[in-house]
Number of protein chains: 2
Amino acid sequence: MREDPLYKNRKVITIGVVSELTGLSERQIRYYEERKLIFPERTERGNRKYSFSDVERLIDIANKRDEGVRTYEIRQEMLKNKKKEDAKIRNQMLRGQINARFGIQKGKN
Amino acid sequence: MREDPLYKNRKVITIGVVSELTGLSERQIRYYEERKLIFPERTERGNRKYSFSDVERLIDIANKRDEGVRTYEIRQEMLKNKKKEDAKIRNQMLRGQINARFGIQKGKN
DNA sequence: CGTGTAAGGAATTCTGACACG
DNA sequence: CGTGTAAGGAATTCTGACACG
(Lines give C-alpha, C1' and ligand atoms only; values in the text may rest on other atoms or scores of the structure.)
Protein backbone atom coordinates (compact mmCIF):
# COMPACT_ATOMS: atom_id res chain seq x y z
CA MET A 1 0.00 0.00 0.00
CA ARG A 2 3.00 2.37 -0.22
CA GLU A 3 2.84 5.20 -2.68
CA ASP A 4 5.47 5.50 -5.33
CA PRO A 5 6.71 9.10 -5.32
CA LEU A 6 7.71 8.68 -8.93
CA TYR A 7 4.12 8.82 -10.12
CA LYS A 8 4.00 12.51 -9.36
CA ASN A 9 6.84 13.23 -11.73
CA ARG A 10 6.14 10.81 -14.56
CA LYS A 11 5.32 12.76 -17.71
CA VAL A 12 2.31 10.94 -19.07
CA ILE A 13 -0.59 13.38 -19.33
CA THR A 14 -1.54 14.87 -22.68
CA ILE A 15 -2.35 18.54 -23.05
CA GLY A 16 -6.09 18.00 -23.44
CA VAL A 17 -6.32 16.29 -20.05
CA VAL A 18 -4.04 18.90 -18.48
CA SER A 19 -6.40 21.54 -19.81
CA GLU A 20 -9.35 19.80 -18.15
CA LEU A 21 -7.41 19.37 -14.92
CA THR A 22 -6.23 22.97 -14.68
CA GLY A 23 -9.00 24.88 -16.39
CA LEU A 24 -6.39 26.56 -18.58
CA SER A 25 -6.68 26.70 -22.36
CA GLU A 26 -4.20 24.74 -24.43
CA ARG A 27 -3.04 28.07 -25.78
CA GLN A 28 -2.18 29.25 -22.28
CA ILE A 29 -0.41 26.02 -21.41
CA ARG A 30 1.74 26.21 -24.54
CA TYR A 31 2.48 29.86 -23.91
CA TYR A 32 3.71 29.19 -20.38
CA GLU A 33 6.08 26.68 -21.89
CA GLU A 34 7.31 29.32 -24.33
CA ARG A 35 7.94 31.55 -21.33
CA LYS A 36 9.91 28.73 -19.69
CA LEU A 37 7.58 28.21 -16.78
CA ILE A 38 6.93 24.57 -17.55
CA PHE A 39 8.83 21.81 -19.32
CA PRO A 40 6.80 18.96 -20.76
CA GLU A 41 8.37 15.98 -22.43
CA ARG A 42 7.39 14.90 -25.93
CA THR A 43 6.19 11.70 -27.49
CA GLU A 44 8.04 10.42 -30.51
CA ARG A 45 6.02 12.55 -32.90
CA GLY A 46 6.08 15.61 -30.72
CA ASN A 47 2.98 15.51 -28.55
CA ARG A 48 3.49 17.14 -25.16
CA LYS A 49 3.34 15.02 -22.00
CA TYR A 50 2.99 16.48 -18.50
CA SER A 51 3.34 15.17 -14.94
CA PHE A 52 1.10 15.76 -11.94
CA SER A 53 3.82 18.10 -10.70
CA ASP A 54 3.44 20.08 -13.88
CA VAL A 55 -0.31 20.22 -13.34
CA GLU A 56 0.24 21.58 -9.84
CA ARG A 57 2.71 24.12 -11.07
CA LEU A 58 0.27 25.23 -13.74
CA ILE A 59 -2.40 25.75 -11.10
CA ASP A 60 0.09 27.86 -9.13
CA ILE A 61 0.83 29.85 -12.26
CA ALA A 62 -2.87 30.35 -12.92
CA ASN A 63 -3.33 31.71 -9.40
CA LYS A 64 -0.41 34.08 -9.73
CA ARG A 65 -1.68 35.28 -13.11
CA ASP A 66 -5.09 35.93 -11.55
CA GLU A 67 -3.32 38.16 -9.05
CA GLY A 68 -1.79 40.04 -11.95
CA VAL A 69 1.72 38.60 -11.68
CA ARG A 70 3.53 38.60 -15.03
CA THR A 71 5.02 35.46 -16.52
CA TYR A 72 8.46 37.05 -16.32
CA GLU A 73 8.06 37.66 -12.61
CA ILE A 74 6.80 34.14 -12.04
CA ARG A 75 9.89 32.87 -13.80
CA GLN A 76 12.19 35.01 -11.66
CA GLU A 77 10.55 33.69 -8.54
CA MET A 78 10.96 30.12 -9.76
CA LEU A 79 14.63 30.66 -10.44
CA LYS A 80 15.13 32.13 -7.00
CA ASN A 81 13.46 29.13 -5.38
CA LYS A 82 15.53 26.80 -7.48
CA LYS A 83 18.71 28.47 -6.25
CA LYS A 84 17.59 27.97 -2.68
CA GLU A 85 16.86 24.33 -3.38
CA ASP A 86 20.22 23.82 -4.99
CA ALA A 87 21.99 25.46 -2.06
CA LYS A 88 20.14 23.18 0.34
CA ILE A 89 21.17 20.11 -1.63
CA ARG A 90 24.80 21.22 -1.80
CA ASN A 91 24.66 21.68 1.94
CA GLN A 92 23.32 18.19 2.48
CA MET A 93 25.93 16.67 0.21
CA LEU A 94 28.67 18.51 2.03
CA ARG A 95 27.35 17.25 5.34
CA GLY A 96 27.31 13.76 3.88
CA GLN A 97 30.96 14.07 2.90
CA ILE A 98 31.92 15.28 6.33
CA ASN A 99 30.11 12.42 7.99
CA ALA A 100 31.73 9.97 5.61
CA ARG A 101 35.19 11.15 6.62
CA PHE A 102 34.81 11.98 10.24
CA GLY A 103 32.10 9.55 11.25
CA ILE A 104 28.36 9.78 11.72
CA GLN A 105 27.13 12.09 14.43
CA LYS A 106 23.57 11.41 15.49
CA GLY A 107 21.69 14.66 14.89
CA LYS A 108 18.80 15.81 17.02
CA ASN A 109 15.70 13.60 16.67
CA MET B 1 7.33 16.55 0.20
CA ARG B 2 4.49 14.11 0.99
CA GLU B 3 3.10 12.06 -1.84
CA ASP B 4 -0.56 12.26 -2.66
CA PRO B 5 -1.84 8.70 -2.91
CA LEU B 6 -4.58 9.95 -5.19
CA TYR B 7 -2.17 10.37 -8.09
CA LYS B 8 -1.94 6.64 -8.46
CA ASN B 9 -5.63 6.32 -9.07
CA ARG B 10 -6.34 9.41 -11.13
CA LYS B 11 -7.46 8.39 -14.61
CA VAL B 12 -5.49 10.71 -16.83
CA ILE B 13 -3.35 8.65 -19.19
CA THR B 14 -4.42 8.12 -22.79
CA ILE B 15 -4.20 4.73 -24.44
CA GLY B 16 -1.20 5.64 -26.57
CA VAL B 17 0.91 6.44 -23.53
CA VAL B 18 -0.36 3.35 -21.71
CA SER B 19 0.72 1.33 -24.70
CA GLU B 20 4.23 2.81 -24.46
CA LEU B 21 4.31 2.26 -20.70
CA THR B 22 3.18 -1.36 -20.79
CA GLY B 23 4.49 -2.55 -24.14
CA LEU B 24 1.02 -3.83 -24.95
CA SER B 25 -0.73 -2.99 -28.21
CA GLU B 26 -3.79 -0.76 -28.09
CA ARG B 27 -5.74 -3.71 -29.43
CA GLN B 28 -4.70 -5.79 -26.43
CA ILE B 29 -5.51 -3.03 -23.97
CA ARG B 30 -8.99 -2.59 -25.42
CA TYR B 31 -9.55 -6.32 -25.45
CA TYR B 32 -8.69 -6.66 -21.76
CA GLU B 33 -11.31 -4.02 -21.11
CA GLU B 34 -13.83 -6.03 -23.11
CA ARG B 35 -12.95 -9.01 -20.91
CA LYS B 36 -13.57 -6.84 -17.83
CA LEU B 37 -10.02 -6.90 -16.56
CA ILE B 38 -9.60 -3.16 -16.63
CA PHE B 39 -11.93 -0.18 -16.35
CA PRO B 40 -10.76 3.09 -17.88
CA GLU B 41 -12.77 6.26 -17.66
CA ARG B 42 -13.70 8.24 -20.74
CA THR B 43 -13.26 11.82 -21.83
CA GLU B 44 -16.34 13.67 -22.98
CA ARG B 45 -16.05 12.38 -26.52
CA GLY B 46 -15.14 8.87 -25.48
CA ASN B 47 -11.37 8.65 -25.34
CA ARG B 48 -10.13 6.19 -22.73
CA LYS B 49 -8.20 7.44 -19.72
CA TYR B 50 -6.17 5.17 -17.43
CA SER B 51 -4.50 5.52 -14.02
CA PHE B 52 -1.07 4.36 -12.89
CA SER B 53 -2.89 1.58 -11.04
CA ASP B 54 -4.38 0.52 -14.33
CA VAL B 55 -0.93 0.51 -15.90
CA GLU B 56 0.36 -1.73 -13.10
CA ARG B 57 -2.58 -4.03 -13.45
CA LEU B 58 -1.99 -4.26 -17.19
CA ILE B 59 1.62 -5.23 -16.57
CA ASP B 60 0.39 -7.95 -14.21
CA ILE B 61 -2.02 -9.14 -16.85
CA ALA B 62 0.72 -9.18 -19.46
CA ASN B 63 2.87 -11.33 -17.18
CA LYS B 64 0.05 -13.75 -16.52
CA ARG B 65 -0.73 -13.97 -20.22
CA ASP B 66 2.91 -14.74 -20.90
CA GLU B 67 2.57 -17.66 -18.51
CA GLY B 68 -0.39 -18.83 -20.54
CA VAL B 69 -3.12 -17.79 -18.12
CA ARG B 70 -6.42 -17.08 -19.88
CA THR B 71 -8.24 -13.77 -19.51
CA TYR B 72 -11.16 -15.62 -17.97
CA GLU B 73 -8.92 -17.10 -15.31
CA ILE B 74 -7.29 -13.77 -14.62
CA ARG B 75 -10.73 -12.32 -14.10
CA GLN B 76 -11.72 -15.10 -11.71
CA GLU B 77 -8.60 -14.48 -9.70
CA MET B 78 -9.31 -10.76 -9.56
CA LEU B 79 -12.83 -11.38 -8.33
CA LYS B 80 -11.55 -13.70 -5.64
CA ASN B 81 -9.06 -11.09 -4.45
CA LYS B 82 -11.75 -8.45 -4.49
CA LYS B 83 -13.93 -10.60 -2.23
CA LYS B 84 -11.08 -10.93 0.20
CA GLU B 85 -10.55 -7.18 0.17
CA ASP B 86 -14.21 -6.52 0.76
CA ALA B 87 -14.29 -8.96 3.65
CA LYS B 88 -11.31 -7.24 5.21
CA ILE B 89 -12.98 -3.86 4.92
CA ARG B 90 -16.24 -5.14 6.40
CA ASN B 91 -14.21 -6.50 9.25
CA GLN B 92 -12.52 -3.18 9.88
CA MET B 93 -15.82 -1.32 9.76
CA LEU B 94 -17.34 -3.73 12.22
CA ARG B 95 -14.41 -3.25 14.54
CA GLY B 96 -14.87 0.52 14.21
CA GLN B 97 -18.51 0.20 15.24
CA ILE B 98 -17.65 -1.88 18.24
CA ASN B 99 -15.05 0.60 19.35
CA ALA B 100 -17.47 3.48 18.84
CA ARG B 101 -19.99 1.86 21.20
CA PHE B 102 -17.86 0.19 23.79
CA GLY B 103 -14.87 2.51 23.80
CA ILE B 104 -11.48 2.47 22.18
CA GLN B 105 -9.14 -0.32 23.21
CA LYS B 106 -5.53 0.33 22.39
CA GLY B 107 -4.46 -2.51 20.10
CA LYS B 108 -0.98 -3.97 20.08
CA ASN B 109 1.49 -1.55 18.53
C1' DC C 1 2.18 40.91 -22.86
C1' DG C 2 -1.10 37.31 -22.75
C1' DT C 3 -4.55 35.02 -25.08
C1' DG C 4 -8.08 34.01 -28.76
C1' DT C 5 -8.76 32.19 -33.20
C1' DA C 6 -8.78 30.26 -38.06
C1' DA C 7 -5.65 27.29 -41.00
C1' DG C 8 -3.79 23.08 -42.65
C1' DG C 9 -1.75 19.00 -41.81
C1' DA C 10 -0.34 15.01 -39.25
C1' DA C 11 -1.09 11.77 -35.64
C1' DT C 12 -4.56 9.71 -32.29
C1' DT C 13 -8.42 7.26 -31.02
C1' DC C 14 -12.79 5.00 -31.77
C1' DT C 15 -15.88 1.22 -33.37
C1' DG C 16 -17.20 -2.86 -35.88
C1' DA C 17 -15.50 -6.37 -38.72
C1' DC C 18 -12.78 -9.93 -41.03
C1' DA C 19 -8.87 -13.10 -40.39
C1' DC C 20 -6.40 -16.88 -38.23
C1' DG C 21 -6.44 -20.51 -35.27
C1' DC D 1 -9.59 -17.22 -27.53
C1' DG D 2 -6.46 -13.54 -28.27
C1' DT D 3 -4.61 -10.49 -31.40
C1' DG D 4 -3.47 -8.34 -35.99
C1' DT D 5 -5.09 -5.38 -39.49
C1' DA D 6 -7.50 -2.29 -42.95
C1' DA D 7 -11.51 1.07 -42.92
C1' DG D 8 -13.64 5.40 -42.24
C1' DG D 9 -14.63 8.98 -39.45
C1' DA D 10 -14.20 12.08 -35.62
C1' DA D 11 -11.39 14.36 -32.27
C1' DT D 12 -6.55 15.75 -30.87
C1' DT D 13 -2.44 18.07 -31.25
C1' DC D 14 1.02 20.77 -33.60
C1' DT D 15 3.08 25.04 -35.58
C1' DG D 16 3.18 29.71 -37.27
C1' DA D 17 0.52 33.70 -37.79
C1' DC D 18 -2.73 37.53 -37.33
C1' DA D 19 -5.44 40.15 -33.96
C1' DC D 20 -6.15 43.07 -29.93
C1' DG D 21 -4.29 45.86 -26.65
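In case you missed it, the structure is sitting above this.
Keep in mind that what you see is a predicted model, and the values were worked out from it rather than measured. Counting restarts for each chain: residues are numbered from 1 in the order of the written sequence. Following the order in which they are written, the chains are lettered starting with A and the ligands numbered starting with 1. This being a predicted model, a pLDDT of at least 70 is required before a residue's local features are given, and a value of 80 or more before pairs of side-chain atoms are given or counted; all residues contribute to the totals for chains, interfaces and linings. Where side-chain values are given, they derive from all heavy atoms of the structure, hydrogens and water being excluded.

Draft legend 1. Looking closely at the interface of chain B and chain A. By definition in these notes, contact holds between two residues if any of their heavy atoms fall within 4.5 Å. Every contact between the two is made by 16 residues of chain B and, on the other side, 16 residues of chain A. Buried area is understood as the total, over both parts, of accessible area removed when two parts are fitted together, assessed with a 1.4 Å probe. Here chain B packs against chain A, burying approximately 1700 Å² in sum over the two surfaces, 63% of which is carbon and sulfur. For salt bridges, the criterion is a side-chain nitrogen of Lys or Arg within 4 Å of an Asp or Glu carboxyl oxygen. Applying the counting criterion to the chain B and chain A interface returns two salt bridges. Residues Glu20 of chain A and Lys49 of chain B are paired through a salt bridge, measuring 3.6 Å at the closest nitrogen-oxygen approach. A 3.5 Å cut-off defines polar contacts: any pair of N or O atoms within that distance qualifies, except that in protein one atom must be a possible hydrogen donor and the other a possible acceptor, and neighbouring residues in sequence count only when both atoms are side-chain atoms. Where chain B meets chain A, there are two residue pairs in polar contact (both at pLDDT 80 or more). Counting only elements with at least two residues in the side of chain B that touches chain A, the list comes to β1 (13–14), α1 (15–22) and α3 (52–66) of chain B. In terms of residue count, the dominant contributor to the side of chain B that touches chain A is α1 of chain B (three residues). Three classes are used, and their members are as follows: Ala, Val, Leu, Ile, Met, Phe, Trp, Tyr, Cys and Pro are nonpolar, Asp, Glu, Lys and Arg are charged, and the others, Gly among them, are polar. Looking at the side of chain B that touches chain A, its residues break down into seven nonpolar, two polar and seven charged. Segments assigned H or I by DSSP are reported as helices when at least four residues long, segments assigned E as strands when at least two residues long, and all are numbered from the N terminus.

Draft legend 2. Spatial organisation of the sheet that holds strand β3 (residues 48–50) of chain B. Residues and elements named next belong to chain B. Whether two strands pair comes down to DSSP finding at least two bridges between them. Here three strands make up an open sheet; going across it, the order is β1-β3-β2 and the pairing antiparallel. Each of the sheet's edge strands pairs with one partner strand only, and the pair in question is β1 and β2 (41–42). In the sheet, β1 pairs with β3 via two bridges, with the strands oriented antiparallel. By the bridge assignment, Ile13 is partnered in β3 with Tyr50.

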